[in-house]
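# Tertiary structure, described
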There are 2 protein chains.
Amino acid sequence: MQVINFQEKLNKFSEQWSPKVIAQMNDYQFKLVKIQGEFVWHSHPETDEVFIVLAGAMSILFRDRQVDLQAGELIVVPKGVEHKPVAVAECQILLVEPVGTVNTGDTGGSMTAANDIWI
Amino acid sequence: MQVINFQEKLNKFSEQWSPKVIAQMNDYQFKLVKIQGEFVWHSHPETDEVFIVLAGAMSILFRDRQVDLQAGELIVVPKGVEHKPVAVAECQILLVEPVGTVNTGDTGGSMTAANDIWI
């Protein structure tokens, strides 16, 4: 039962698009990720996914719209909905999703990060 | 699929110890709560519970220790573990827990808030 400080954990890594687990609640994990540039289109057929922006700004492209988020904002991406995260400058995010959720979902490819990496 | 701004939602209510739902991911809810003073000792026998402090500072008393949290910090309270949140000045918190989780857990009493209240 330890206190987890977001900034302290964020200071521990610099690589982008590579979620790091900081906490687990039941079978859900809280992951920090730094993003910049364009991710791949993908969806998570089995689960919703929550993005909480901690610092910076990002957008999530959907097939029919674009949603802009900044620090202090949250969005739930419903399961099965294709999305593509993008950020002009580095953006720091807290993700909440079930254990085992892969960052590239059903798309895979070179941006697929190692899963379940704790910091 | 809408962006949820924490501050905008926090501005919508003033009552303390009464969690308000702002988002749902699968069968989990994200709730904002404002606290000040002392809550009741309780536990949630069925689930872990996450506290994320958005503004201010709080402590969580456990039977064998006290943990202090401030803005930008998270803690997972394991299921079944007795705890008592306290805050000297008003503290604003984001809770993450399963749908149906009652604020006073297995203790009940006058501080039990209406559940599943969305704002």
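Residues numbered from 1 in each chain as written. Chains lettered and ligands numbered in written order. Predicted model: local features only at pLDDT ≥ 70, side-chain atom pairs only at ≥ 80, totals over all residues. Heavy atoms only, no water.

## Quick notes on the relation of the copies chain B and chain A
With an RMSD of 0.0 Å, the operation that places chain B on chain A is a rotation of 180 degrees combined with a shift of 0.0 Å along the axis. Read as a symmetry element, the transformation amounts to a two-fold axis. Mapped onto chain A, 100% of the interface residues of chain B are again interface residues, and the two copies thus contact each other with one and the same surface. (Least-squares fit on C-alpha atoms with pLDDT ≥ 70 in both. Contact = heavy atoms within 4.5 Å.)

## Looking at unusual backbone geometry
One non-glycine residue with positive phi stands out, namely A:Asp116, at about 60 degrees. In this fold, A:Asp116 is placed in the segment after strand E8 (83–98). The phi torsion at B:Trp17 lies on the positive side, around 60 degrees, for a residue other than glycine. One can find B:Trp17 in the loop between helix H1 (6–10) and strand E2 (20–25). Residue classification places B:Trp17 among the buried positions, given a relative accessible area of 12%. (Helix = DSSP H or I, 4+ residues; strand = E, 2+ residues; numbered from the N terminus. Buried < 20%, exposed > 50% of the residue type's maximum accessible area, 1.4 Å probe, protein only.)

## Some words on the confidence of the model for chain A
This prediction gives chain A a mean pLDDT of 97; 100% of its residues lie at or above 70. For this predicted complex, the interface confidence reaches an ipTM of 0.97, while the overall pTM sits at 0.97. (pLDDT = per-residue confidence, 0-100.)

## Here we look at the nonpolar core
Of all hydrophobic cores here, the largest spans 32 residues; its most connected members are A:Phe30, A:Leu74, B:Phe30 and B:Leu74. Contacts of B:Phe30, omitting those with residues within four sequence positions, involve A:Val50, A:Ile52, A:Leu74, A:Val96, B:Lys20, B:Val21, B:Ile22, B:Ala23, B:Met25, B:Leu94, B:Leu95 and B:Val96. (Core = buried A, V, L, I, M, F, W, Y, C linked by side-chain atoms within 4.5 Å.)

## Things to note about the interface of chain B and chain A
Taken together, the contact between chain B and chain A spans 34 residues of the former and 34 residues of the latter. Summing both sides of the interface, chain B and chain A together bury roughly 2,800 Å²; the carbon and sulfur share of this comes to 67%. When the buried surface of chain B facing chain A is broken down by residue, B:Met1, B:Met25 and B:Leu74 rank first, second and third, together holding 27% of it. For the pair chain B and chain A, the number of links is 12 residue pairs in polar contact (both at pLDDT 80 or more). Put simply, the parts of the chain that give the side of chain B that touches chain A at least two residues each are strand E1 (4–5), E2, strand E3 (28–38), strand E4 (49–55), strand E6 (65–70), strand E7 (73–77) and strand E8 (83–98) of chain B. Residue classes in the side of chain B that touches chain A are distributed as 21 nonpolar, six polar and seven charged. Pairing geometry for strand E1 (residues 4–5) of chain A and E7(B), over two bridges, is antiparallel. In the sheet register, A:Asn5 faces E7(B), and the bridge partner there is B:Glu73. (Buried area = accessible area lost by both parts, 1.4 Å probe. Polar contact = N/O pair within 3.5 Å; in protein donor to acceptor, adjacent residues only side chain to side chain. Nonpolar A, V, L, I, M, F, W, Y, C, P; charged D, E, K, R; others polar. Pairing = 2+ DSSP bridges.)

## A short note on the side chain of B:Lys84
Residues and elements named next belong to chain B. Secondary-structure assignment places Lys84 in strand E8. The class for Lys84 is buried, based on a relative accessible area of 13%. Polar contacts involving the side chain of Lys84 include one to the main-chain carbonyl oxygen of Phe39, which spans 3.4 Å. Those residues in contact with Lys84, other than ones at most four positions away along the chain, are Glu38, Phe39, Val40, Trp41, Ser59, Ile60 and Leu61.

## Some remarks on the pattern of salt bridges
All names here are of chain A. Summed over the entire model, instances satisfying the criterion amount to 10 salt bridges over all chains. The partner of Glu38 in a salt bridge is Lys84, with the nearest N and O atoms 2.9 Å apart. Remark: Lys84 occurs in strand E8 and Glu38 occurs in strand E3 (residues 28–38); sequence separation between them is 46 residues. Between Asp64 and Arg65 there is a salt bridge; the shortest N-O distance is 3.5 Å. On the basis of relative accessibility, which here comes to 40%, the residue Arg65 falls in the partly exposed class. (Salt bridge = Lys/Arg side-chain N within 4 Å of Asp/Glu carboxyl O.)

## A short note on the side chain of B:Asp48
Turning to its location among the elements, B:Asp48 is positioned in the loop between E3 and E4. Buried B:Asp48, no salt bridge; nearest opposite-charge side chain is B:Lys79, N-O distance 6.3 Å. Looking at B:Asp48, its side chain comes within polar contact range of the main-chain nitrogen of A:Asn26, at 2.7 Å. A polar contact of 2.8 Å, which involves the side chain of B:Asp48, links it to the backbone nitrogen of B:Lys79. Leaving out residues up to four positions away in the same chain, B:Asp48 has contacts with A:Gln24, A:Met25, A:Asn26, B:Val76, B:Val77, B:Pro78, B:Lys79 and B:Pro98. (Lys, Arg positive; Asp, Glu negative; His and termini not counted.)

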